[in-house]
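Letter by letter, the chains look like this.
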Amino acid sequence: MTNATKLLLAAACVLFLLVGVPALIAATGRNDLYYTLTSVALLSIISGGVWLTFYIGRINIGQGAFALLGGYVSAVLVTAYGISFWLTLPVAGLVCALASVLIGLPILRLRGVYFAMVTLTLTEVMRLLALAVPITNGAKGIVSIPLPGGVSLFGLTLIPDFATLENPRLAFYLASVVLMVLCFGALYRLVHSRIGHICLSLQQNEELASSIGVNIASIRVLAYAISSFLGGLGGAMFAAISQSIYPSSFTVADSVNFMLNCFLGGLHYVLGPILGTFALYFGWDLLFQTGVYQLLIFSSALIVLMLVLPNGLLSLRLPRKKGA
Amino acid sequence: MDYILEVSNLTKRYGGLIANSGISFGVKEHEILSVIGPNGAGKSTLFKQIASFVTPTEGEVRFRGERISGLSPHKVARLGVVRTFQETTIFKTMSVRDNIIIAHQLRARTGLAGFFFGTRTAREDEAAFARSADEIIDFLGLGHQRHEIASNLPHGHLRALGIAIGLATNPAVLLLDEPFAGMNHDETRRAVEIVRAVRARGVTILLVEHDMPAVMNISDRIVVLNFGQKIAEGTPKEIQENQNVIDAYLGVEDESIGM
Ligand SMILES: Nc1ncnc2c1ncn2[C@@H]1O[C@H](COP(=O)(O)OP(=O)(O)OP(=O)(O)O)[C@@H](O)[C@H]1O
Ligand SMILES: [Mg+2]
C-alpha cells in the first residue's frame, strides 16, 4: 500500500466511525451501543499505552494504576476546583506521565517477569492510595461529577456544553473516537518514525542499543511516560462519562485486560490494541448467556487464540512484513 | 605520549574473583592492537571496562586524555569508543539494512521530536543514514543480504553485520571481541581483510581473538593476559618469543601460538 492509499483508507474508517456508526445506530435504535463503543474506544487508548511499553520490551500489567490516577486527577479538578473538564483531560495525562517518570526511573531497570511483577502491584497500590488520601473521598469515591462544559473560542462554539445536549451519549462517543484517532495517529507516527526503530532496538537488545549510542534509560522512561499519559487520558474520559470514580473503577483485572488486548490484537501492529479491545470486549459480552461458564470459555478461547496466533489477530490479514 | 586510549591499573573484582588485575597499556592511534590470553583470562572483562559497560573496581581508562570510566556506555560510544560483542549480537527481527541504519543513531543531528515531526534535518539525516548504510553493506560484501532479516544470516555474515553495526557509529576506536570465532579458513581470511580495511578508514582497532595465525598476521602489537594480569606486551614477533607467553599457553595446552 502506498502512503496515499493508507491515508485514504484511514480517512474512510474515521468517517465511518464518526458518521456511519451514528447513522446505523439511529436507524436501528440501539442507543445502548454508544456506551459499548465509547468504552471500546477509550479502553483501546489505555491499551495503546501498554502496547508501547511492549514495544520497548517491557510487559506492563500496571496500566490500571494510571487510568485510575487520571480519572481522579480530572474528577478532583472538576469537582473541587471547578476547572473545565477539557482542560483537566491533558492535565490528567501529564500528571500520569510525570508520576510514571518517577516510578519508571527505578523500575524500568528491571526486565522480563521482574518488571511485570512490580507493575502488577501498581494498580493495587493506587487503589489503596485512593482509599487513604483525603482528597479522593475514600471508598465512597467522587460522584455526581458534572458533565463536561462547552468550549468556545472567539465566540465560536468548538465543543457544546454536554449538559445541554439531548444525546450526551452520542457526544461522548464522538469525543472518544476523535481522541482515539488522535492518540493512535500519534502512536502510528511515533512507531513508523526513527523513534519506533529505536524502541524496537531496545526491545531486541538493550546492550547493543547502548553500544550504538542510544540512551536506553531515557528512551525507556519516555515510552513509559507516553504509555501512562494515554492511560491517564482514558481514565479521565471514563470518569467524565460515568460521572463518578471509585477506588475500584480500575482494578488489577483491568490492568491484565489492557495487556491481553495488546496480545490479542498483535504486538507488531500499532492498531492491534484497537482490534484486540474490540474483540475482547464483545467476545466477553457474547459469552454472557453462558452464565457461570463465561470466564472458563473466555479464558480457554484466549489461550487457544494465543497459541494459534502468537502475533495477534492482525497477523491474519497482514502478510508477514519483509525487510526494507 | 600520543596514545589515543590509555588503560591504567585497571582492576575488576567479582566478589573474590579477580577478573582483571592492575592492567596498564596504551593504544596508539590507527594501530591494530590484539589482546590474547587463555579462556577466562579476562579479555572480555577488559573490553567491557574500556567501553564502560562495566565500572572498574580500581584504575581508569582515558580516551584522548579524558577519563571515560564511569560514564554510561552510550556516552562513551558518543565520544567514539565502541564495542562489538563476543556473541553474535544484532537486532534479530530487523533487516540487515535496518540494523545498520539504526546504528547511525550517534550521527543524528536532531532530537527525537525532530524525527517525530519529520523535520527537514530529520529527513536529511534519514537519507544520509540510508546512503551510508548501503555504503557499509557494499564495503563488507553484504550486498546480497541487504534486505534479509538478520536472524536468517549464516554465521560468517552475522559477524560481518556485527562489525557493520560498529562501523555505522563512526568510531574512533572499535573494540572487536572475537570477530573471527566460528569462521572457516576462507571466511577468516576475508574478515581479516575487512578489519584491515576498517583500519585504513582511520579507525583504531582493539581485537580479542583466539585464532593465533590471524592475530599474528593482522596485529601491530599484542597484549597478553593470563589470570587477569598482563604478562606481556609487544610486536607479534616479540610475543611469539616471549617465555612467559609460551608458558601460559603450554600451561593450558590449548592452542599453538602460531610458531
Ligand atoms: N559478571 C561477572 N560476574 C562474575 N564473574 C565474572 C563476570 N564476568 C566475568 N567473570 C569471570 O571473570 C573471568 C574473566 O572472564 P572474561 O569473560 O573476561 O574472560 P575471557 O578472557 O573473555 O574468556 P573467553 O576467552 O572465554 O571469552 C572469568 O573467570 C569469568 O568467569
Ligand atoms: Mg571473552
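Nothing here was measured: the structure is a model prediction, and the numbers come from that model. (Residues numbered from 1 in each chain as written. Chains lettered and ligands numbered in written order. Predicted model: local features only at pLDDT ≥ 70, side-chain atom pairs only at ≥ 80, totals over all residues. Heavy atoms only, no water.)

What to know about the domain arrangement of chain B
Residue and element names in this part refer to chain B.
Thinking step 1. The domain boundaries assigned to chain B delineate domain 1 (1–80 + 172–259) and domain 2 (89–170).
Thinking step 2. For domain 1 versus domain 2, the distance between C-alpha centres works out to 26 Å.
Thinking step 3. Tallying the contact residues gives 18 residues for domain 1 and twelve residues for domain 2.
Thinking step 4. Taken together, both faces of the contact between domain 1 and domain 2 bury some 1,300 Å²; the carbon and sulfur share is 65%.
Thinking step 5. On the domain 1 side of the contact with domain 2, Leu174, Ile194 and Arg201 bury the most area, a combined 34% of that side's loss.
Thinking step 6. Taken together, the links from domain 1 to domain 2 amount to one salt bridge. (Domains from an automatic or database assignment. Contact = heavy atoms within 4.5 Å. Buried area = accessible area lost by both parts, 1.4 Å probe. Salt bridge = Lys/Arg side-chain N within 4 Å of Asp/Glu carboxyl O.)

A short note on the site of ligand 1
Residue and element names in this part refer to chain B.
Thinking step 1. Near ligand 1 there are 13 residues, and of these Gly40, Lys43, Ser44, Thr45 and Gln86 occur at the shortest range.
Thinking step 2. The side chain of Ser44 places a nitrogen or oxygen atom 2.8 Å from an oxygen atom of ligand 1.
Thinking step 3. Side-chain polar atom of His210 to an oxygen atom of ligand 1: 2.9 Å apart, as the coordinates give it.
Thinking step 4. In isolation ligand 1 exposes 640 Å². Once the protein is present, 64% of that is buried.
Thinking step 5. Ranked by the residues each element gives to the shell around ligand 1, the list is headed by helix 1 (residues 43–50), at three residues.
Thinking step 6. Its residues assigned to classes, the shell around ligand 1 comprises four nonpolar, seven polar and two charged. (Near = heavy atom within 4 Å. Polar contact = N/O pair within 3.5 Å; in protein donor to acceptor, adjacent residues only side chain to side chain. Areas by Shrake-Rupley, 256 points an atom, 1.4 Å probe, with all protein chains shown as cover. Helix = DSSP H or I, 4+ residues; strand = E, 2+ residues; numbered from the N terminus. Nonpolar A, V, L, I, M, F, W, Y, C, P; charged D, E, K, R; others polar.)

Focus: the sheet that holds strand 3 (residues 32–36) of chain B
In any sheet, the strands associate via hydrogen bonds between backbone groups, in a parallel or an antiparallel arrangement.
Residue and element names in this part refer to chain B.
Thinking step 1. As summarised here, the arrangement of the six strands in space is 6-7-8-3-9-10, forming an open sheet in which the pairing is mixed. In this open sheet, the two edge strands, each paired with only one partner strand, are strand 6 (81–83) and strand 10 (229–234). Adjacent strand axes in the sheet meet at a mean angle of 15°, parallel and antiparallel pairs treated alike.
Thinking step 2. Running at roughly 150° to strand 8 (residues 204–208), helix 7 (residues 185–200) makes contact with strand 3, strand 7 (173–177) and strand 8 of the sheet. (Pairing = 2+ DSSP bridges. Axes fitted to C-alpha atoms, helices over the stretch in contact; angles between N-to-C directions.)

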